[in-house]
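One letter stands for each residue in the lines below.
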Amino acid sequence: MFIDTHCHLTDRYTKPEELDTIVNDAKSAGVGTLVCACAEPGDFETAIKITEKYKNVFCTIGVHPEYSEKTDDIILPDHILENSKVIGVGEIGLDYHFGIDNKNAQIELFEQQLTIAKKYKLPVAIHTRDAESDTISILDDSVSGVMHCFTGSWNLAKTMLDRGFFISASGILTFKNSVELRETFAKIPTDRIVIETDSPWCAPVPYRGKPCTPALVVETARVMAEIKNLQIDELETILESNTKKLYPKIVL
Ligand SMILES: [Zn+2]
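Along every chain, residues carry numbers that run from 1 in the direction the sequence is written. Totals for whole chains, interfaces and linings use every residue, but because this is a predicted model, local features are given only for residues with pLDDT of at least 70 and side-chain atom pairs only at 80 or more, for both listing and counting.

(A) Up close: the packing of helix H8 (residues 217–228) against helix H9 (residues 232–246). Here H8 crosses H9 at 100 degrees, and the two axes come no closer than 9 Å. By the angle between their directions, the pair H8 and H9 is classed as roughly perpendicular. Along its contact with H8, which presents Ala221, Arg222, Met224, Ala225 and Lys228, the element H9 presents Ile232, Leu235 and Glu236. All axes here are fitted lines through C-alpha atoms, helices being fitted over the stretch that makes contact, and every angle between N-to-C directions spans 0 to 180 degrees. Per the convention used, a helix needs a DSSP run of H or I reaching at least four residues, while a strand needs a run of E reaching at least two, with both numbered from the N terminus. Orientation is classified from the angle alone, with under 35 degrees giving roughly parallel, over 145 giving roughly antiparallel, 65 to 115 giving roughly perpendicular, and any other angle giving oblique. Distance between backbone-placed C-beta atoms decides contact: two residues are in contact if it is within 7 Å.

Structural data, given as structure tokens:
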């Protein structure tokens, strides 16, 4: 089965009454496991409740840089981080796309959450946009994890691969104009790749512009199989093994 390693299923992004259908549709499409990512503290309890309801849904807990000014010191209680369905810290990182006015707050929040990840030995899911050099200088090989929804340069990919990170492809890989991104993924070793939807955003071709759900991760897999010159079921097996290495707490 395929795994959607990063989707947003909490109620601010996905209607709770649609969850049963979303999880079932994913299963029917061959997507057997989902990782629900949090973006702000309001998501934490909801994400955990979702993982309690669905055996095949896991979650990562963290605060996206967009919320850095709205979030005081981040408090992540033991019972959350030690929960068997909480498999990582994320999504966390830096985003300078809309300016650098809150750069210091972003860096502070990012560093706090990295400290938590190290303390609990949890992998991190990194969001980085227009902030490659700060991301490179803050991260090191004392944490493990994934560069989520990767759209960065080969230089960023190479640096993070050297530090042991996995690189995650979203539906953006399938976009007509993502020529350079496909070239970057062609160079990334297949045993260091995972895939995701980042739903409800970034629906892959041929669903671009429509709402995205975890079932559509299969479309990204199809394009990745072409890039890697693999049969889709060969890629599926490799991705399962990669995801287990990335998130050791995941049970497939
Ligand atoms: Zn996300």
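(B) Structural view of helix H6 (residues 154–162). Neighbour density around each residue's C-beta defines its exposure: 20 or more other C-beta atoms within 10 Å make it buried, 12 or fewer make it exposed, and counts between make it partly exposed, where C-beta atoms are placed from the backbone. Among the residues of H6, those classed as buried are Leu156, Ala157 and Met160. End-on view of H6: buried residues confined to an arc of 100 degrees, all on one side of the axis. When the buried face of H6 is taken as reference, the exposed residues oriented beyond 90 degrees from it are Asn155 and Asp162. Contacts made by the buried residues of H6 are with helix H5 (132–138), strand E6 (145–147), strand E7 (166–169) and helix H7 (179–187). Gly164 lies just past H6 and shows a positive phi near 90 degrees. The directions considered for the arc are those from the helix axis to the C-beta atoms.

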